[in-house]
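Coordinates in review
Each chain, letter by letter, is given below.
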Amino acid sequence: MKSLTAALAILLLGFCAELQAAELRGTGDLGIVIERASGSLQVIDVTQRRALGRVQGLGDLSHASAVFSPDQRYAFVFGRDGGLTKVDLLTQSIVKRVVQAGNSIGGAISDDGRLVAVSNYEPGGVRVFDSDTLAPVADIPASYGAKGALSKTVGLVDAPGRRFVFTLYDAGEIWIADFSRGGDPVITKFEDVGALPYDALITGDGRHYIAGLFGEDGLARLDLWAAAPKVERLLDGYGRGEEKLPVYKMPHLEGWALAGKRFMLPAVGRHEILVVDADTFQEVGRVPVHGQPIFAVARPDGRQVWVNFAHPLNDTVQVIDVPSQKIVHEFKPGPTVLHLEFTPRGHEVWISVRDSDKVEVYDTRTFEKLAELPMAKPSGIFFAARAQRIGL
Amino acid sequence: MLRHVGFGLIILGVFALNGKAPSEARAADTRVAEVSGERAAALTYLVRQDCGSCHGMTLRGGLGRPLLPDALAGAEVGAVAEVILEGIPGTPMPPWRGLLSEAEALWIARALKEGRIE
């Protein structure tokens, strides 16, 4: 009898420990995969290469993106329909959701983790929320010109000093919203930056904000470290005045890769990756690629850049070796490769293949496929490790 | 003029797709561009996914304007098809000629105007 009780007690203890272990876990190697067509996402364990659970009810997630809280527990998901959803990675559930505009395109989280900003097409401008409660903090309509029309905003990023930087697509302006003194931002505007700036990025050191121009052959750069920042033109005339090839999907600049001392940028309307010196911002080379590049993402060590492509060549991925600027690997996961995300140290890469409803995981050294995860029309893949990087 | 162009395109399109003489094809004045059921499904997918990357998957607008019936109410089918085939120079709207036939562009234009892309 006594031994039976003891055995039972041991069993029970073991059970409790297991339960607790299941509850206690870090979130640093978790991430999310957006399922764009069904308004859902899956929480994934990057180390185990498996899905932990699905979260539903996030609205229209075409072109959705996400940022993470500093503790890496919460994802803030920006939907197309103006939805801003705070998702708990641990419990795989929605903590809070607001529909804050009619049509949106991405967002950012402030360096202190307290403010979440959303870039809106409709009504054009940026709205800022408390990351804890999603209560509104500030509304920044992107009005321009004599009539005060509202511009679509794009390329919203966080910058050090509790600032957000974004670009006005219709107006051709770059604005800085400085929240360092509280919830009422100080806005600095830069006008005439160039025609149709369609997206932007901030370098990982938080110094340079670079907007791609669709209407011109070049880019606009703002040095945020300068005493009096001003917009300078970059790679002016890289298309050499030649007619652009049709662009069936807008390239993404967030993925623009800083690989060692070089930037690798997708050209617009040319099937090339532009190689730019990161100090002088002069072009130092070009790599011809398979099609119109969409993402050119550097492996975190900067040794390789992985590239995907626009419709109709969107079944292919190419890998560029940065030191030699040669394509060292090409493969076809199938239509449509929408996004890729590296593990923080770059040993593996996750690739979403929309039309075959799966995410594939590859070894970045051997290029061997390590896993396939079923997902419904997967698009963006975002790892919680982004929480620790400026501009992501 | 647009009407005339549209008319010509339909005849051409139907002719090319079915290999039938225009007289055997569906009456051109209904301005229906014929595509096979399978192709129609593929085009619907293309519009939602690939036009959707700029116009929103639900076509409510993105970088490009909304493509819902209301938004296109003022434009002729032929004119919408023309925009699809030729694009709008100086903007991100690309020309789809080469990837889409004229009959397919007309089919998309009509489907958009009638709200048939779901």
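Residues numbered from 1 in each chain as written. Chains lettered and ligands numbered in written order. Predicted model: local features only at pLDDT ≥ 70, side-chain atom pairs only at ≥ 80, totals over all residues. Heavy atoms only, no water.

Within chain B, the secondary structure is distributed over 5 helices and 0 strands. Along chain B, from the amino end to the carboxyl end, the secondary structure elements read α-α-α-α-α. Within chain B, contacts between residues at least 6 apart in sequence are counted, and of these 54% link residues at least 24 apart. (Helix = DSSP H or I, 4+ residues; strand = E, 2+ residues; numbered from the N terminus. Contact = heavy atoms within 4.5 Å.)

All names here are of chain A. Counting buried positions over the 6 residues of strand β34 (residues 378-383) gives 6, a clear majority of the element. In terms of strand pairing, strand β1 (residues 30-35) meets β34 through 4 bridges, oriented antiparallel. When the bridges of β34 are listed, Gly31 appears paired with Phe383. (Buried < 20%, exposed > 50% of the residue type's maximum accessible area, 1.4 Å probe, protein only. Pairing = 2+ DSSP bridges.)

All names here are of chain A. Evaluated as defined, the whole model comprises 10 aromatic pairs over all chains. With a centroid separation of 5.9 Å and an interplanar angle of 55 degrees, the aromatic rings of Phe166 and Trp175 are classed as tilted. For the residue pair Phe166 and Trp175, the accessibility class agrees, reading buried in each case. The interplanar angle of 55 degrees and the centroid separation of 5.9 Å between the aromatic rings of Trp306 and Phe367 together place this pair among those described as tilted. Of the two residues, Trp306 is situated in strand β27 (residues 304-309) and Phe367 in the loop between β32 (358-363) and β33 (369-374); the sequence distance between them amounts to 61 residues. (Phe/Tyr/Trp six-rings, centres within 6.5 Å; stacked < 30°, edge-to-face > 60°.)

This part takes up the state of the cysteines. Residues and elements named next belong to chain B. Counted according to the given criterion, the structure contains 0 disulfides over all chains. You can see Cys54 has no disulfide; the closest cysteine sulfur is in Cys51, sitting 8.9 Å from it. What makes Cys54 buried here is its relative accessible area of 14%. (Disulfide = S-S within 2.5 Å.)

Two modes of strand pairing occur in sheets, parallel and antiparallel, and in both the strands are linked by backbone hydrogen bonds. Residue and element names in this part refer to chain A. Pairing in this open sheet of 4 strands is antiparallel, and the strands run β4-β5-β6-β7 from one edge to the other. The strands lining the two open edges of the sheet, one partner per strand, are β4 (65-68) and β7 (93-99). The average angle at which neighbouring strand axes cross in this sheet is 20 degrees, direction not considered. Relative to β7, strand β6 (residues 83-88) runs antiparallel, the two sharing 6 bridges. Each bridged residue has a counterpart across the sheet, and for Thr85 the counterpart in β7 is Arg97. (Axes fitted to C-alpha atoms, helices over the stretch in contact; angles between N-to-C directions.)

This part takes up helix α4 (residues 77-86) of chain B. Residues and elements named next belong to chain B. Of all the 10 residues making up α4, 7 are buried; the element is thus mostly covered by neighbouring parts of the structure. Residues Val77, Gly78, Ala79, Val80, Ala81, Ile84 and Leu85 constitute the buried set of α4. Positive phi appears at Gly87, one or two residues downstream of α4, with a value of about 70 degrees.

Residues and elements named next belong to chain B. A rise of 1.5 Å per residue sets the reference length of helix α5 (residues 102-113), with its 12 residues, at 16 Å; its end C-alpha atoms lie 16 Å apart and thus fit the reference within 8%. Burial within α5 is extensive, with 10 of its 12 residues counted as buried. Taken as a whole, α5 has its buried residues at Ala103, Glu104, Ala105, Leu106, Trp107, Ile108, Ala109, Arg110, Ala111 and Leu112. Following α5 by one or two positions, Gly115 has its phi on the positive side, about 65 degrees. (Expected span 1.5 Å × (residues − 1).)

Turning to the sheet that holds strand β31 (residues 348-353) of chain A, a few remarks are in order. Residues and elements named next belong to chain A. Strand order in the open sheet made by the 4 strands is β30-β31-β32-β33, with antiparallel pairing throughout. Of all strands in the sheet, those bounded by a partner on one side alone are β30 (337-342) and β33. Between one strand and the next, the sheet's axes are offset by a mean angle of 20 degrees, whatever the strand orientation.

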